[in-house]
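What the coordinates show
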Amino acid sequence: MSDFTEATKAVSNELACSGCGAILKFKPGTLNLVCEYCGAQNPITQPDVKNEIEEIGLDDFLARNFNNEEKIEVATVKCESCGATSTLDPRISSDKCPFCAATLVVKSGTTSTLHKPQYVLPFGIDIQKASANFKSWMNRLWFAPNDLKKYADSADKLNGMYLPFWTFDCNTSSSYTGQRGEDYYVNESYTTTENGKTVTRTRQVIKTRWYPASGNVSNSFDDLLIEATRSLNKGKLRALEPWDLKNLLAYNDKFLSGFRTETYAVDVKQGYTEAKQRMEPEIRSTICRDIGGDRQMIHYVNTTYRNPTFKHILLPVWISAYRYNNKVYQFLVNARTGEVQGERPYSAVKIALAVIGGLLLAIVLYSLFGKSQ
């Protein structure tokens, strides 16, 4: 028997309800496992003393441990449509992809070896609360197709999913050259036509004097969040922020019971590259403040990144995918705050009817009031 099979049996035994034998599932908003059949609850054991969240030195990790990090092996399924790979409940023989709503082809014995996450932010709101927020968001959408509203009424359309993220801490030092612009005003004469006559007028015009500028600035970045998924709209995912990362807990398989987990598609090297790109606007903003004046131009920047550290974490979302006119629309609910983000389709029929109704209203108003003028 393989080590993976033995490990799977051990985890299953830990999750088995002592009362009825059913699999216990994590209950959002608590630190308990609960049996959905007999209601039994088991607390998830936490360390006696809450340890400080550990940051891993990136340079040392990449130099020594990148291929030796602790790994876990999990049953997974890969969507042939969008390419997303996520964990799979072994009791399920058919399913739909939570990212694109395509039918999943479940192959027995498919596993993936993953770098073990360090921390997890457990689900804070349950599917009922997430569904209520989702439907409330849907009801505010103008010109949405009618069947989209019906879709939102089905609570089972939402899937609880842990998404992989990297967080980065880093201190930066940036030397720069540029220019500082200082505005001043001058009076300018111009001609214009008034009452059929050409007249001369005076107006103030803004000018800018430019002076050379150079210097050094420092920035400090803490818990800069980088998505390790490519299956979701990055803009919508970032719109779910902020996350209460101070409440991260040490990784424990039990928090994942009853939910699915996407495997990461962006490794720590790629994540750090994206983190640098996300640091750049803040660095440039700091440089502009250092240059001062009314306007700034940056010609050259050289940034040194000092003591970068990282964490590998899982964050919880309720996710749904809806297909309309052969296009996929994704909806996300932050499973800690209830924030909803998503892409929405428009009903061409509703828009056309609204345009026609507007034109008819304009015609009626003109017939009532236009002729009397």
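Quick summary incoming for the structure in this document. Computed from a prediction, not measured in an experiment: that's the story for all the values here.

1. Some thoughts on the overall build of the chain
Within the chain one finds 7 helices and 17 strands. Within the span of the chain, comprising 373 residues, buried residues form 39% of the whole. In the chain, once contacts between residues fewer than 6 apart in sequence are set aside, the share between residues at least 24 apart is 74%. Carbon and sulfur atoms provide 49% of the accessible area of the chain, an area that totals close to 21,000 Å².

2. Some details on the environment of Arg230
If you trace the backbone, Arg230 turns up in the loop between strand 12 (197–227) and helix 5 (234–239). Looking at Arg230, the relative accessible area reads 51%, which means it is exposed. Along the chain, Arg230 and Ala265 lie 35 residues apart, while their C-alpha atoms are 6.4 Å from each other. Each residue touching Arg230, except ones within four places of it in the same chain, is listed here: Ala265, Val266, Gln270 and Glu274.

3. Describing the packing of aromatic side chains
This model, assessed by the stated rule, comprises 12 aromatic pairs. Ring geometry for Phe61 versus Phe310: centroids 5.0 Å apart, planes at 65 degrees, classification edge-to-face. One end of the pair, Phe61, is in helix 2 (residues 58–65); the other, Phe310, is in strand 15 (residues 295–324), with 249 residues separating them in the sequence. Here Phe61 and Phe310 have matching classes, each one buried. A ring pair is formed by Phe123 and Tyr162, whose centres lie 4.9 Å apart and whose planes are at 90 degrees; its orientation type is edge-to-face. Taken together, the residues Phe123 in the loop between strand 10 (119–120) and helix 3 (127–139) and Tyr162 in strand 11 (residues 159–194) connect sequence positions 39 residues apart. Members of the aromatic cluster, connected to one another through ring pairs, are Phe61, Trp166, Tyr264 and Phe310. In this structure, Arg203 packs its charged tip against the face of Tyr190, placed 4.3 Å from the ring centre.

4. Notes on the nonpolar core
If you look at soluble globular proteins, the nonpolar side chains tend to sit buried side by side. Phe26, Tyr162, Phe255 and Trp318 are the most contacted members of the largest nonpolar core, which has 31 residues in total. For this core, the secondary structure elements donating two or more residues are helix 3, strand 15 and strand 16 (327–334). Three or more residues apiece are contributed to this core by two domains, here domain 1 (1–45) and domain 2 (46–176 + 213–352). Discounting chain neighbours no more than four positions away, the residues touching Phe255 are Phe26, Leu31, Ile44, Gln46, Val120, Pro122, Tyr162, Leu249 and Ala250.

5. Overview of the environment of Val205
Among the secondary structure elements, Val205 is positioned in strand 12. Not counting chain neighbours up to four residues away, the residues in contact with Val205 comprise Tyr184, Tyr185, Val186 and Glu188.

6. Focus on the pattern of salt bridges
If you walk through the whole model with that rule in mind, you get 14 salt bridges. With its nearest N and O atoms 3.0 Å apart, the salt bridge here joins Arg295 to Asp183. Pair noted here: Arg295 is in strand 15 and Asp183 is in strand 11, with a separation of 112 residues, a long-range link. Given the relative accessible area of 25%, Asp183 is considered partly exposed. For the salt bridge of Glu241 with Arg278, the shortest nitrogen-to-oxygen distance reads 3.5 Å.

7. Some details on the side chain of Asp169
With respect to the helices and strands, Asp169 occurs in strand 11. Aside from chain neighbours lying at most four places away, what touches Asp169 is Glu55, Phe221, Asp222, Asp223, Asn307, Pro308 and Thr309.

8. A word on the sheet that holds strand 1 (residues 25–26)
Read across the open sheet, the 3 strands follow the order 1-2-3; overall the sheet is antiparallel. Strands at the two margins of the open sheet, each flanked by one partner only, are strand 1 and strand 3 (41–43). Sheet topology note: the strand 1/strand 2 (residues 32–34) ladder contains 2 bridges and is antiparallel. Each residue of the ladder has a partner; that of Lys25, found in strand 2, is Val34.

9. With respect to the pairing of strand 15
In the sheet, strand 4 (residues 56–57) pairs with strand 15 via 2 bridges, with the strands oriented antiparallel. Residue pairing in the sheet places Gly57 in a bridge with Thr309 of strand 15. For strand 10 and strand 15, the ladder comprises 2 bridges, and the chain directions are parallel. Looking across to strand 15, one finds that Val120 is bridged to Leu314. Relative to strand 15, strand 11 is paired through 22 bridges, and the arrangement is antiparallel. Looking at the pairing, Gln179 lines up with Met297 of strand 15. Relative to strand 16, strand 15 runs antiparallel, the two being bridged by 8 bridges. In the strand pairing of strand 16, Tyr322 is matched with Tyr329. Taken together, strand 15 and the strand that follows it, strand 16, pair antiparallel across an intervening segment of 2 residues, in which Asn325 is found at a positive phi of about 50 degrees.

Rules used throughout
Residues numbered from 1 in each chain as written. Predicted model: local features only at pLDDT ≥ 70, side-chain atom pairs only at ≥ 80, totals over all residues. Heavy atoms only, no water. Helix = DSSP H or I, 4+ residues; strand = E, 2+ residues; numbered from the N terminus. Buried < 20%, exposed > 50% of the residue type's maximum accessible area, 1.4 Å probe, protein only. Contact = heavy atoms within 4.5 Å. Areas by Shrake-Rupley, 256 points an atom, 1.4 Å probe, with all protein chains shown as cover. Phe/Tyr/Trp six-rings, centres within 6.5 Å; stacked < 30°, edge-to-face > 60°. Lys NZ or Arg CZ within 6 Å of the ring centre and 35° of its normal. Core = buried A, V, L, I, M, F, W, Y, C linked by side-chain atoms within 4.5 Å. Domains from an automatic or database assignment. Salt bridge = Lys/Arg side-chain N within 4 Å of Asp/Glu carboxyl O. Pairing = 2+ DSSP bridges.

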